[in-house]
Amino acid sequence: MIIETINLTKKYDKLVALDNLQLRLEEGECFGYIGPNGAGKTTTIRILATLLRPTWGEARVCGNVVGYESRKIRPLIGYVPDFFGAYEDMVVQEYLEFFAAAYNITGKKRDQIVGDVLELTDLTYKRDALVDSLSRGMKQRLSIARVLLHDPKVLLLDEPASGLDPRARIEIRELLKELHRMGKTIIISSHILPELADLCSSIGIIERGKLLFQGSVTEAVRRARVGTVVHVETPDDSEKARQVLANLNAVESVSLRNGAVIVNLREEVNDFSFIARSLLDNNLRIREIKQEEVNLETAFMRLTKGIVQ
Ligand SMILES: Nc1ncnc2c1ncn2[C@@H]1O[C@H](COP(=O)(O)OP(=O)(O)O)[C@@H](O)[C@H]1O
Ligand SMILES: [Mg+2]
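Bear in mind that the values here come from a model prediction, so they are computed numbers and not experimental data.

### Notes on the packing of helix H5 (residues 136–148) against helix H6 (residues 166–181)
Turning to step 1, where the next piece is worked out: In contact at an axis separation of 9 Å, H5 and H6 are set at 15 degrees when each is read in the N-to-C sense. What the angle tells us is that H5 and H6 run roughly parallel. Crossing hand, H5 versus H6: right-handed. Listed contacts from H6 to Arg136, Gly137, Gln140, Arg141 and Ile144 of H5 are Ala168, Glu171, Ile172 and Leu175.
Turning to step 2, where the next piece is worked out: Counted by class, the contact of H5 with H6 contains four nonpolar, two polar and three charged residues.

### Here we look at helix H1 (residues 41–48)
Turning to step 1, where the next piece is worked out: Within H1, six of the eight residues are buried, which leaves the element mostly enclosed by the surrounding structure.
Turning to step 2, where the next piece is worked out: Among the residues of H1, Lys41, Thr43, Thr44, Ile45, Ile47 and Leu48 are the ones counted as buried.
Turning to step 3, where the next piece is worked out: At the exit of H1 stands Thr50, carrying a positive phi of roughly 65 degrees.

### What about the sheet that holds strand S14 (residues 260–265)?
Turning to step 1, where the next piece is worked out: Sheet architecture is open: four strands sit in the order S13-S14-S12-S15, paired in antiparallel fashion. Strands with a single pairing partner mark the edges of an open sheet, and in this sheet they are strand S13 (251–257) and strand S15 (288–292). Here the strands of the sheet are splayed against their neighbours by 20 degrees on average, with no regard to which way each runs.
Turning to step 2, where the next piece is worked out: The sheet contacts of helix H9 (residues 238–246) involve strand S12 (229–233), S13 and S14, and relative to S13 the element is tilted by about 170 degrees.

About the cut-offs
- Along every chain, residues carry numbers that run from 1 in the direction the sequence is written.
- As a convention, the first chain written is A and the first ligand written is 1, with the rest following in written order.
- Note on the predicted model: pLDDT of at least 70 is required for a residue's local features to be given, and 80 or more for side-chain atom pairs to be given and counted; whole-chain, interface and lining totals, by contrast, use all residues.
- Under this scheme, a helix contributes an axis fitted over its contacting stretch, all axes are lines through C-alpha atoms, and angles between N-to-C directions fall in the 0 to 180 degree range.
- Note on conventions: DSSP H or I runs of at least 4 residues are helices, E runs of at least 2 residues are strands, and numbering of each starts at the N terminus.
- Angular relationships are summarised with four words: roughly parallel below 35 degrees, roughly antiparallel beyond 145, roughly perpendicular across 65 to 115, and oblique for the angles in between.
- The sense of a crossing depends on the near helix, which, turned anticlockwise from the far helix by less than a right angle, makes the crossing left-handed and, turned clockwise, makes it right-handed.
- Working definition of a contact: two residues with C-beta atoms, positioned from the backbone, lying within 7 Å.
- Think of it as three bins: nonpolar holds Ala, Val, Leu, Ile, Met, Phe, Trp, Tyr, Cys and Pro, charged holds Asp, Glu, Lys and Arg, and polar takes everything else, Gly as well.
- To assign burial, the other C-beta atoms lying within 10 Å of each residue's own C-beta are counted, with C-beta atoms placed from the backbone; 20 or more indicates buried, 12 or fewer indicates exposed, and intermediate counts indicate partly exposed.
- What makes two strands pair is DSSP finding at least two bridges between them.

Right under this line is the structure:
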């Protein structure tokens, strides 16, 4: 277990920001930490980064306890906060050399390592550019480059893609995939699920300081039932339509909502032309038939609801 929290609790005065959190991460996992604003993501990450102490409970990184063995933890982690610090009057290469020096990386070794992380984060062509002149996406990659200098085992990334344009998001995602392939353990937080779905090996969902789910992405999606949903309206008897459709093999469940028949198809079914055929065969006319937009965002909402109840 590379990261483990035991009843991790953090209070800010009376506000319970983290409530008995039990997180467990194996080495090499890419863990997506998902929750709405104010859920407690930053608080968790800052505790793991040894910048905050728990009010109660324990957080361990590679077996070391935050607050007691923080000095052993710091070389093992790379923390990228959700804002960019102020060293912006330097050029990119100097910026990285400055942080390398802070980790006692000097001389030839430093030149080698700075060159390597620039290459990895695709910033070699910007080595002489002022940090200030970089785009937001490049600054974000530079922040990641900075925490790679001391080759940490664990990367803690707090909403690294927020505020980036779609292209910069994809670049960050590709970089994180590469780091995952290199064997790093990664925690990445986001308030948007779709961003993480194809990147992470496991996810956790947090809401108001409580962990609602921890498991694989497949399991999360399965629980969220992201099968196709079709809305059907008939000028004839909706209840009869409901019964007809409920008996079909490809249909998972059917309900009525505001006079419309809502058909949840089984997960592997995409083609819903059989619905029209079956209704017409039963002398039910069709006023409208359309697919409901189900994106991962909605799935995430369903998932959190499904687990709370
Ligand atoms: N320094 C602080 N003092 C008081 N309350 C805080 C502080 N930091 C965070 N909070 C509160 O703790 C809760 C969790 O915040 P945070 O961990 O930043 O959530 P997230 O990163 O998921 O948006 C929120 O209700 C927030 O307002
Ligand atoms: Mg936050």
